[in-house]
Amino acid sequence: MQGEVNSIRNIFKTSKQVMEEAYENILKYRRGELIPAKTGYQYIDDALLGGIFPQHAIAIGARPSVGKSYVAQRILENVMNPMVNPQASDYFLVNCEFEMNPQDLLLRRMSREMKIPTSSLLKKQDSNTIEERKMFEILQNEISNNVIYIDAPCTIKEFELAVAHIATRHQDKRLIIFKIDHIALIKRIGLDPKTAIDDLVAVMNEAKLVYKNIFFLIISQFNREIEGRVSNPREQAPRLSDFYQSDTLGQLCTLMIGLNNPRRYGLDKYMVFGQDWYRSLDGFKTEAKTSFRTTGLVFHHILKVRQVNMEELTDVIHPEIMPGCGWMYGEGGTKFVNP
C-alpha cells in the first residue's frame, strides 16, 4: 500500500513548479532564446501564435489526391529551411511515410522546383546534362543528417519504441518533428481501425507529455460524407466530423485543417455567403462575390484551434493557388506546358 502511495506522489507537481516552468518558457520566447518554427503558411502561424511549438500536434485532412501530403511537405520544407527558421539546424525530423514512397515525394519536389510535369522526368530521352544537374542538386538538398525516414507502415508498438528512441537520443534538440502520412495506415495487427487510431493517438499524447521538445504533424483521410454534400453550397465546406476518428484526433491536436478541391467535384462555384464575408479573399471570389471561384485552387479550412478563439483569426479559409495557376489570380506563375 505504501509503495502505491509513493508511486502516486510522483504524478503531482506543485503549482509553483508548474507555473514557474511555464513562465520561464514564455520569457525565453520573449527574449528570442526560443522561436516558434515558421511553417510558411501565414494563416497557420497566426493560428498557432507564431508557428510550431513543442508538445503540440497538427492534423491535416482531405479526401484522396486533394493535396494534403503536398501541404505537409511544404510545411516541413519551410520548417527545416534555415533561411525561414534560423534555428532549423537544431530541429530533427522523422518522416513516417506510410502512404507515399520516397520516389514519389522526390519526383513531386523536382517537378515543382523545375516547373515541369512529373511525367516528363520519367520519360526516356537523350541525356540532358543541365536538367540532370538540377535534379541532382534537388536530391542533395533532400539529404540531411537531421532527417530520417520510416518509409513503410509499422506497428503501434514499433512506433512507440521509435518515438522513445529518437526523443531520448535527441533530447538536446529544440524541436523533434514526427510526420505521420497517413495515420490510418498504421499496421493494425488484428485491431479494428478505430482501436488502432485510438491506440496510436494515445502513444502520441503520452509522448507529448513526456518529451518536452516533440511535435506531431498528422495526415489523415476524410470519410466519404463530404462527397455527399457537394450539391448544397451551404454544406460544401469540410467539417471536423469529416476526419476519421475526429473525436480522438481532436483531443490530441492544437490545430486541425481540412482541405478541399471543389473543382474535382465539377464545381465552378464553391460555398455561398454574404458579400461582406471574407473581405481579404475578394480576389478569389466570383463576380457576385457571394461564392469562391474554383479553378486552380485548393481551399484550406481551419476546423479546430485550441490556442485562440476562431473569431480572433483573420483567415479561417486559405485558398492555395496550385502550381502553374498563379497567373489566374494576379500572382504571376507559369502554366505547365506538356510538349
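The rules behind each value
- Residues numbered from 1 in each chain as written.
- Predicted model: local features only at pLDDT ≥ 70, side-chain atom pairs only at ≥ 80, totals over all residues.
- Heavy atoms only, no water.
- Patch = residues over 30% accessible without salt bridge, like charges linked within 9 Å, V, L, I, M, F, W, Y side chains within 5 Å.
- Areas by Shrake-Rupley, 256 points an atom, 1.4 Å probe, with all protein chains shown as cover.
- Salt bridge = Lys/Arg side-chain N within 4 Å of Asp/Glu carboxyl O.
- Helix = DSSP H or I, 4+ residues; strand = E, 2+ residues; numbered from the N terminus.
- Buried < 20%, exposed > 50% of the residue type's maximum accessible area, 1.4 Å probe, protein only.
- pLDDT = per-residue confidence, 0-100.
- Contact = heavy atoms within 4.5 Å.
- Polar contact = N/O pair within 3.5 Å; in protein donor to acceptor, adjacent residues only side chain to side chain.
- Core = buried A, V, L, I, M, F, W, Y, C linked by side-chain atoms within 4.5 Å.
- Axes fitted to C-alpha atoms, helices over the stretch in contact; angles between N-to-C directions.
- Parallel < 35°, antiparallel > 145°, perpendicular 65-115°, else oblique.
- Nonpolar A, V, L, I, M, F, W, Y, C, P; charged D, E, K, R; others polar.
- Phe/Tyr/Trp six-rings, centres within 6.5 Å; stacked < 30°, edge-to-face > 60°.

1. Quick word on a nonpolar patch on the surface
Next, step 1: There is a patch of nonpolar side chains on the surface, built from Phe136, Leu139 and Ile143 and spanning about 290 Å² of accessible area.
Next, step 2: Positionally, phenylalanine 136 belongs in helix α7 (residues 129-142).
Next, step 3: Residue classification places phenylalanine 136 among the partly exposed positions, given a relative accessible area of 48%.

2. Some points on the confidence of the model for the protein
Next, step 1: On average, residues of the protein carry a pLDDT of 86, and 92% of them reach 70 or more.
Next, step 2: Between residues 333-339, whose pLDDT stays under 50, and residues either more than four places distant or in other chains, the model counts eleven contacts.

3. What to know about the side chain of asparagine 146
Next, step 1: Following the sequence through the fold, asparagine 146 ends up in the loop between α7 and β3 (147-150).
Next, step 2: In terms of polar contacts, asparagine 146 uses its side chain to reach the backbone carbonyl oxygen of tyrosine 91, at 2.9 Å.
Next, step 3: Sequence-distant contacts of asparagine 146, that is, excluding residues within four places in its chain, are made with Met80, Ala88, Ser89, Asp90, Tyr91, Phe92, Leu93 and Lys173.

4. Comments concerning the pairing of strand β2 (residues 91-97)
Along any regular strand the residues' side chains alternate between the sheet's two faces.
Next, step 1: For β2, a buried count of seven out of seven residues is recorded, marking the element as mostly surrounded by other parts of the structure.
Next, step 2: By the alternation rule, side chains of β2 split into Tyr91, Leu93, Asn95 and Glu97 and Phe92, Val94 and Cys96, which are all buried.

5. Re the environment of leucine 49
Next, step 1: Relative to the helices and strands, leucine 49 is located in the loop between α3 (42-47) and β1 (56-62).
Next, step 2: By relative accessible area, which is 47% here, leucine 49 ends up partly exposed.
Next, step 3: Separated by 13 residues in sequence, leucine 49 and proline 36 have C-alpha atoms that sit 8.4 Å apart.
Next, step 4: In contact with leucine 49, not counting residues within four places along its chain, are Gln307 and Val308.

6. Section: the pattern of salt bridges
Next, step 1: Within this structure, the stated rule accounts for 13 salt bridges.
Next, step 2: A salt bridge links arginine 174 to aspartate 90; its shortest N-O distance comes to 3.2 Å. Placement of the pair is arginine 174 in the loop between α8 (156-169) and β4 (175-181) and aspartate 90 in the loop between α4 (68-79) and β2, with a sequence separation of 84 residues.
Next, step 3: Across the salt bridge formed by arginine 224 and glutamate 227, the nearest N and O atoms sit 4.0 Å from each other.

7. What to know about the nonpolar core
Soluble globular proteins: nonpolar side chains tend toward being buried together.
Next, step 1: Ranked by size, the top nonpolar core spans 36 residues in total, and within it Phe159, Phe178, Ile180, Ile183, Met204, Phe216 and Ile218 carry the most contacts.
Next, step 2: Those elements that place two or more of their residues in this core are β1, β2, α8, β4, α9 (193-210), β5 (214-221) and α10 (246-252).
Next, step 3: It is α9 that contributes the most residues to this core, seven residues altogether.
Next, step 4: Apart from the residues lying within four places of it in its own chain, the contact partners of phenylalanine 216 are His56, Ala57, Ile58, Phe159, Phe178, Ile180, Met204, Ala207 and Lys208.
Next, step 5: Counting residues in hydrophobic clusters, the runner-up holds 35 residues, among them Ile44, Tyr91, Leu93 and Ile219.

8. Observations concerning the packing of α4 against helix α5 (residues 102-114)
Two packed helices can be described by the angle between their axes and the distance between those axes.
Next, step 1: It is at 12 Å that the axes of α4 and α5 come closest, and there the two elements cross at 75°. One finds that α4 runs roughly perpendicular with respect to α5. Residues Ser69, Tyr70, Gln73, Arg74 and Glu77 of α4 touch α5, and the partners they reach there are Leu105, Arg108, Arg109 and Arg112.
Next, step 2: Split by residue class, the contact of α4 with α5 holds two nonpolar, two polar and five charged.

9. A look at the environment of aspartate 315
Next, step 1: Tracing the chain through its elements places aspartate 315 in the loop between β9 (297-305) and β10 (317-321).
Next, step 2: The class for aspartate 315 is partly exposed, based on a relative accessible area of 26%.
Next, step 3: Contact partners of aspartate 315, with chain neighbours within four places excluded, come to Tyr43, Ser280 and Ile302.
Next, step 4: A polar contact of 3.2 Å, which involves the side chain of aspartate 315, links it to the side chain of serine 280.

10. Points about the side chain of threonine 286
Next, step 1: By the element assignment, threonine 286 lies in the loop between β7 (269-270) and β8 (292-293).
Next, step 2: On the accessibility criterion, threonine 286 (12% relative accessible area) is buried.
Next, step 3: Not counting chain neighbours up to four residues away, the residues in contact with threonine 286 comprise Lys269, Ser291, Phe292 and Arg293.

11. Digging into the packing of aromatic side chains
Next, step 1: Counted according to the given criterion, the structure contains twelve aromatic pairs.
Next, step 2: Here phenylalanine 159 and phenylalanine 216 contribute two aromatic rings whose centre-to-centre distance is 6.5 Å and whose plane-to-plane angle is 45°, an arrangement assigned as tilted. Within this pair, whereas phenylalanine 159 is found in helix α8, its partner phenylalanine 216 is found in strand β5, the two being separated by 57 residues in sequence.
Next, step 3: A relative accessible area of 0% means that phenylalanine 216 is categorised as buried.
Next, step 4: Judged by centre distance (5.1 Å) and plane angle (80°), the rings of phenylalanine 222 and phenylalanine 243 are edge-to-face. On the criterion of sequence distance, the pair formed by phenylalanine 222 in the loop between β5 and α10 and phenylalanine 243 in the loop between β5 and α10 is long-range, its members being 21 residues apart.
Next, step 5: Under the relative-accessibility criterion, phenylalanine 222 is labelled buried at 0%.
Next, step 6: For phenylalanine 243, a relative accessible area of 2% corresponds to the buried category.

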